[in-house]
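Below, each chain spelled out in residue letters.
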Amino acid sequence: MSVLYIVLLVTAGVAGAGLRGSPAPGAAQRPPIATMAAFVLVAVPSLLQLTLAPALFEALRRDRAAIGDGQLWRLVTSFVVQDSGWPGTIFNLLSLAVLGTLAEQLWGRARWVVLALTVQVLGDLWGLVVQPVGAGTSLVIFGSAASLAVAALLLETGPRSRLPATVSLLVALVLLVLGDIHGGAALLGAVVGALLAVNRRRRRLNGSL
């Protein structure tokens, strides 16, 4: 699975880098404030969980039994702790910094936050089916990646972006068929990304009339 994860994220990142010519109005000139805030929001509790406060993991993770008892906040708080130790935490933070920045520059700050929250909550609901207990930032990362891949196919880009985007989405489909939680997150990100891309094309078309 790790190989599939890396292929999906790397190819989506390559596709997203090719989209820098089509950012949200003014977004390319603004610092990725939302991504930086998310990075800090994840880094602090994750580092505490791995060092001084390991109980944070159980308190904030996705847990089907606890959520069924009404602890719905876990659908969001599972974003800020990690279930894969130091290697996974470092990988997730680096991936969030890169892919979150690309997605925020493409969609704009507010839309990226909406995308991230949608993928996190609905992805965790999918996780209750395929992985009832767990945590991590990867849902938002995979959702952001898939949104970049879809945008590379729907917006005006060259073949250098379309090919890696296609590969990324095919890998996402494989993960979904395998019942992997990241496949569900990628599907959600692709759907939101498609809606945002279609809306952008419509606005451009209306502006040219």
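What you are looking at is a predicted structure, and each value in this text was computed from that prediction instead of being measured.

A.B. asks: Quick question: what am I supposed to make of the nonpolar core here?
C.D. replies: Soluble globular proteins tend to pack their nonpolar side chains together in the buried interior. In this structure, L8, L9, L99, L106, W107, W112 and F142 are the most contacted members of the largest nonpolar core, which totals 51 residues. Of all elements in the fold, only α1 (2-17), α2 (33-50), α3 (55-60), α6 (85-107), α7 (109-130), α8 (138-154), α9 (159-177) and α10 (181-208) reach the threshold of two or more residues within this core. Apart from the residues within four sequence positions on either side, F142 is in contact with Y5, L8, L9, L175, H182, A185 and A186.

A.B. asks: Any chance you could explain the packing of α6 against α7 here in plain terms?
C.D. replies: Between two packed helices, the angle of one axis relative to the other and the distance separating the axes together describe the packing. Interaxial distance between α6 and α7 falls to 7 Å at its minimum, and their mutual angle equals 125°. Accordingly, the angle class assigned to the pair α6 and α7 is oblique. The handedness of the crossing between α6 and α7 is right-handed. Contacts between α6 and α7 involve L96, G100, A103, E104 and W107 from the first element and R109, R111, W112 and L115 from the second. Looking at the contact of α6 with α7 residue by residue, the class counts come to five nonpolar, one polar and three charged.

A.B. asks: Help me out: how do you make sense of the pattern of salt bridges in this one?
C.D. replies: Side-chain pairing between opposite charges can occur once the charged atoms of the two side chains come close. Enumeration over the complete set of coordinates arrives at three salt bridges. Here D124 and R62 are joined by a salt bridge, their closest N and O atoms 2.7 Å apart. Within this pair, whereas D124 is found in helix α7, its partner R62 is found in strand β1 (residues 62-63), the two being separated by 62 residues in sequence. Among the residues examined, D124 registers a relative accessible area of 0% and is labelled buried. In this structure, R109 and E104 form a salt bridge, with 3.6 Å as the shortest nitrogen-oxygen distance. In this structure R109 comes out as partly exposed when scored by relative accessible area, which is 32%. Given the relative accessible area of 4%, E104 is considered buried.

A.B. asks: What am I meant to see in the packing of α8 against α9 here?
C.D. replies: Relative orientation of the contacting elements α8 and α9 amounts to 135°, with a least axis distance of 8 Å. Put simply, α8 runs oblique to α9. Taken as a pair, α8 and α9 cross one another with a handedness that is left-handed. Taking contact as the criterion, the partners of F142, A146, A149, V150, A152 and L153 in α8 are, on α9, S161, R162, A165, T166, S168, L169 and L175.

A.B. asks: Mind showing me how you'd approach α8 here?
C.D. replies: The α-helix winds at 3.6 residues per turn, so residues separated by three or four positions along the chain end up facing the same way. Taking 1.5 Å per residue, 17 residues should reach 24 Å; α8 reaches 24 Å between its end C-alpha atoms and fits that length. Burial analysis of α8 places 15 of its 17 residues in the buried class, the great majority of the element.

A.B. asks: Quick question: what am I supposed to make of the layout of surface pockets here?
C.D. replies: To locate leftover empty space, one rolls a probe as large as a water molecule over the atoms. If you add up the space inside the largest pocket, you get close to 290 Å³. Surrounding the largest pocket, 18 residues form its lining, D83, S84, N92, S138 and H182 being those nearest its centre. In terms of residue class, the lining of the largest pocket is built from seven nonpolar, nine polar and two charged. Along the wall of the second largest pocket there are 14 residues; nearest its centre are A38, L41, F79, A116 and L117. Taken together, the elements giving at least two residues each to the lining of the second largest pocket come down to α2, α5 (74-77) and α7. Counted by class, the lining of the second largest pocket contains twelve nonpolar, two polar and no charged residues.

A.B. asks: Just checking my understanding: could you explain the side chain of T137 for this structure?
C.D. replies: Here T137 shows up in the loop between β2 (133-134) and α8. In this structure, T137 is in contact with V42, F79, Q82, N92 and L96, ignoring residues within four places of it in sequence.

A.B. asks: How should I be thinking about the packing of aromatic side chains in this particular structure?
C.D. replies: To describe a pair of aromatic rings, you give the distance between the ring centres and the angle between the ring planes. All chains considered together, the criterion is met by one aromatic pair. Judged by centre distance (5.5 Å) and plane angle (85°), the rings of Y5 and F142 are edge-to-face. Highlighted residues: Y5 in helix α1 and F142 in helix α8, separated in sequence by 137 residues. The same class applies to Y5 as to F142, namely buried.

What counts as what
- Residues numbered from 1 in each chain as written.
- Predicted model: local features only at pLDDT ≥ 70, side-chain atom pairs only at ≥ 80, totals over all residues.
- Heavy atoms only, no water.
- Core = buried A, V, L, I, M, F, W, Y, C linked by side-chain atoms within 4.5 Å.
- Buried < 20%, exposed > 50% of the residue type's maximum accessible area, 1.4 Å probe, protein only.
- Helix = DSSP H or I, 4+ residues; strand = E, 2+ residues; numbered from the N terminus.
- Contact = heavy atoms within 4.5 Å.
- Axes fitted to C-alpha atoms, helices over the stretch in contact; angles between N-to-C directions.
- Parallel < 35°, antiparallel > 145°, perpendicular 65-115°, else oblique.
- Left-handed = near helix turned anticlockwise from the far one by under 90°.
- Nonpolar A, V, L, I, M, F, W, Y, C, P; charged D, E, K, R; others polar.
- Salt bridge = Lys/Arg side-chain N within 4 Å of Asp/Glu carboxyl O.
- Expected span 1.5 Å × (residues − 1).
- 1 Å grid on protein atoms, 1.4 Å probe; cavity = no way out; pocket = protein on both sides within 12 Å on 5 of 7 lines; lining within 4 Å.
- Points joined across faces, edges and corners; volume = space filled by probe spheres on them.
- Phe/Tyr/Trp six-rings, centres within 6.5 Å; stacked < 30°, edge-to-face > 60°.

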